[in-house]
Amino acid sequence: MNTLTAYAPELDTFKTLEDGPLHIDTSRQPYTASLLDETSYVLEKSRIALFFDAMFKGRVVNPSENRAAGHWTLRAAGNLDLYPSAVRLMHNQRDEISHAQMVQAQMERFVEQVRQGKFRSPEGTEYDSILHLGIGGSDLGPRLLNEVFSKLGLAKCEGSSGKPGSTSIKNIRFVSNVDYHEMKLALEALNPKTTLVVVASKSFSTRETLNNFGHIRNWLNSAGEEYVKHSIVAATCKPEKAKALGIADNQIFEFSETVGGRYSLWGPVSIAIRIVYGNQAFNEFLRGAADMDSHVLNSDFDHSIPSQLAFTDWLNLRNGVTSLMMSPYDSRLSLLVPYLQQLWMESLGKGITSEGAPLMHAACPVLWGDVGTNGQHAFFQMLHQAPFQTSIEILAIARPDHAEQSSHDLLISHAFAQAEAFAVGKFNRPSEFLDSSLNFRTCPGHKPLSLMMLDSLTPHALGYLLAMWEHRTVALAAIQSINPFDQWGVELGKLIAEKIEKKIQTYDEPMKETNEDPVTRHLLNLYKDLQSNA
Ligand code: F6P
C-alpha cells in the first residue's frame, strides 16, 4: 500500500502539467517521485500506451460488445492534419473517418439551410425554436454546450467572425426526463408551427425518449400532420428505427455504433447546437478536442496530461480516496460536473475487469461537486473538517469574458485560497491538537488536490478540456484493465421498470400475493391509494 506523504510546500513533489490552453498544478497531490518509482509504474505506463494505440487504430477496445471506440473520429474528420498517418491510414479508420466526414458534411449543409431560412416550416415561416429530446449522453453534452455557447454570446454572431447571426432560432429547450412536468413547461414556451424537433437517441429504443417522442408527435400533429412529417430531425445509430417512426430520410443523421453515448457530443446528437450557434463555433469546439487527441498521440506517459491525471487518480484510489470533488470556478460551467459524472462513472463504475476478474475496490472515485464560489457555502465545510477522504479539483479561468477585473480577481483569490486551505489546513500541528480551545477550529489539510487553469473559456478550450477528461477516463480504465465503453449495469433497472409499468397499468385491486417483490407490491398499493384519494 502506498503511503501518503505529508504536504510539504517546499518540496517539488509533482510536476505541473501544461499543454495548449490548459495549465495544471499537481504539487498538492501527496506523492513523492520516489513513490512513483516504487509502484508498478512501468506496467501502468505500458497498459495506457497499449490501450490508446489500440483505440486510435480502431481495434476492439470494448470487448463485451465486440466494438472499437470511434468517438474521436467525429473530431478527426475535419482535422486530419492533427493525426499521424498511421492512424489516418488504418483501413477501418479510413472507413470510420470517411463516414464521419460524410455525416459532418451532411449536417453542415442542413444546418446552413436552417440558419439561412431556406429550410422552413410547412407554413413557410422560419423556425424560431428548437426542442431537443434525449437523455444521458444524448442530452448532457448538448445541454452543457448550449449553456457555455449561449453564455459566450455565440448565438448573436457567426462564430468568431462577428458577422450578425443568420439564424432566427433564439429559443432552445431540452426535454430528457419522462417526468411530464419537464415536457409541460417546455411546450408552454413553444409553438408547434415554428419549432424544429431534434430526437437524439443512439439506440432509438430508450423508453423515456420514445415516450417523450410520442407526446411531441401528437403536439406537432395538433398543428397539422405535415408538421410531423417535416419538423423532426433524428440523431441515431439506428436510422431504420427513426425512419419507421416517420422521420424523413434526409433528416436522419447517423453515427457509428462504435461511438458510445457518453462520448457522442462531437457528432449528430449536438446538431441543435450547430443550428443555434453555427458550424464555425462547433468546428472550433471539435478542433480543440482534436488538439487534445494530438497531445495524447504525441506525448509519452510522463508528459501526457490525461495519463498523468489518471495515474494520480489511481494512486489516490490505492490510498482509499474514493471521492473526487470537482469545482469549476466559473458560472458558465454549472453543467460541467453533471456531464462529467456520466462520462466518468458510467465508464469506470464497473465490477469486473475486461478479463472477467472481480475488482477488489472501486475503479474510480465518486465524482461530485458544484461551481465555485457557491460550493464554499454548501459543502466545503465537510471537506475542510470532516475525516472524509476525498481528492479535490478546482478549475479556474484566467481571462474572463467581462471587464470587471476586480470581481474576477476576487473569484480567483477564493479559488486559490480554498486550494491552499485544503492543502495546508489550520491548527493541525501536534501541539495544537492538545489545546481543546482550538480543536473545533482545526482543519486537518493535506487533501490531495489539483488546480487547473484554462487561459480563457472558448469553444476550442471546452473541446480540449472535455476530450482531456475522455482520455483521462480511458487511461484510468486501461490501468485497471476495465472496459470504459460498455454499461451493462443500467439494463436491470430498465427491465424491472417495464414489469412495474405493466403492473400499474393493469392494477385493479390491492395486489395479492404474487412472486413480485413484496416491498414493491406494498409501494404500488400505497401509490394507488394515494392516487385514488386525490
Ligand atoms: O444510461 C444508459 C444509456 O444507454 C446511456 O449510456 C446513454 O447515453 C443513454 O442511456 C441514452 O441512450 P440513447 O442515446 O440510446 O437513447
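Residues numbered from 1 in each chain as written. Predicted model: local features only at pLDDT ≥ 70, side-chain atom pairs only at ≥ 80, totals over all residues. Heavy atoms only, no water.

Description of helix α7 (residues 180–188)
Turning to α7, its buried residues are Met183, Ala186 and Leu187. Seen from one end, α7 has its buried residues packed into an arc of 95°, which puts them on one side. For α7, the exposed residues set more than 90 degrees away from the buried face come down to His181, Leu185 and Glu188. On its buried face, α7 sits against β3 (129–133), β4 (171–175) and α8 (207–221). (Buried < 20%, exposed > 50% of the residue type's maximum accessible area, 1.4 Å probe, protein only. Helix = DSSP H or I, 4+ residues; strand = E, 2+ residues; numbered from the N terminus. Arc of directions from axis to C-beta. Contact = heavy atoms within 4.5 Å.)

Some points on the environment of Glu393
With respect to the helices and strands, Glu393 occurs in strand β10 (residues 391–399). When sequence neighbours within four positions are dropped, the list of residues in contact with Glu393 reads Leu324, Met325, Met326, Ser327, Ser450, Met452, Trp469 and Arg472. Side-chain polar atoms of Glu393 contact the side chain of Arg472, separated by 2.7 Å. (Polar contact = N/O pair within 3.5 Å; in protein donor to acceptor, adjacent residues only side chain to side chain.)

Some thoughts on the domain arrangement of the chain
By the assigned domains, the chain splits into domain 1 (16–65 + 299–429 + 442–479), domain 2 (90–282) and domain 3 (488–532). A straight line from the C-alpha centre of domain 1 to that of domain 3 covers 40 Å. (Domains from an automatic or database assignment.)

Side note on the sheet that holds strand β1 (residues 17–19)
Read from one edge of the open sheet, six strands run β1-β2-β11-β10-β8-β9, paired in mixed fashion. In the strand order of this sheet, the two ends are held by β1 and β9 (366–368), each with one partner. Here the average twist between neighbouring strands, direction ignored, is 15°. Pairing analysis gives three bridges linking strand β8 (residues 323–328) to β9, with the strands arranged parallel. (Pairing = 2+ DSSP bridges. Axes fitted to C-alpha atoms, helices over the stretch in contact; angles between N-to-C directions.)

Brief notes about the site of the ligand
Looking at the ligand, there are 14 residues lining it, with Ser138, Ser201, Ser203, Thr206 and Glu346 nearest. A distance of 2.7 Å separates an oxygen atom of the ligand from a polar backbone atom of Gly137. Contact between the ligand and Thr206: an oxygen atom at 2.5 Å from a side-chain N or O atom of the residue. Bound to the protein, the ligand loses 86% of the 390 Å² it would expose on its own. With respect to the detected pockets, the ligand is housed in the largest pocket. (Near = heavy atom within 4 Å. Areas by Shrake-Rupley, 256 points an atom, 1.4 Å probe, with all protein chains shown as cover. 1 Å grid on protein atoms, 1.4 Å probe; cavity = no way out; pocket = protein on both sides within 12 Å on 5 of 7 lines; lining within 4 Å. Sits in = over half its atoms within 2 Å of the grid points.)

Brief notes about helix α14 (residues 336–348)
Compared with an ideal rise of 1.5 Å per residue, which puts 13 residues at 18 Å, α14 spans 18 Å between its outermost C-alpha atoms and is within 8% of the ideal. If you check which residues of α14 are buried, you get Leu336, Val337, Tyr339, Leu340, Gln342, Leu343, Trp344, Ser347 and Leu348. Where α14 is buried, its residues contact α6 (140–151), α13 (305–318), β8, β9, β10 and α18 (459–479). (Expected span 1.5 Å × (residues − 1).)

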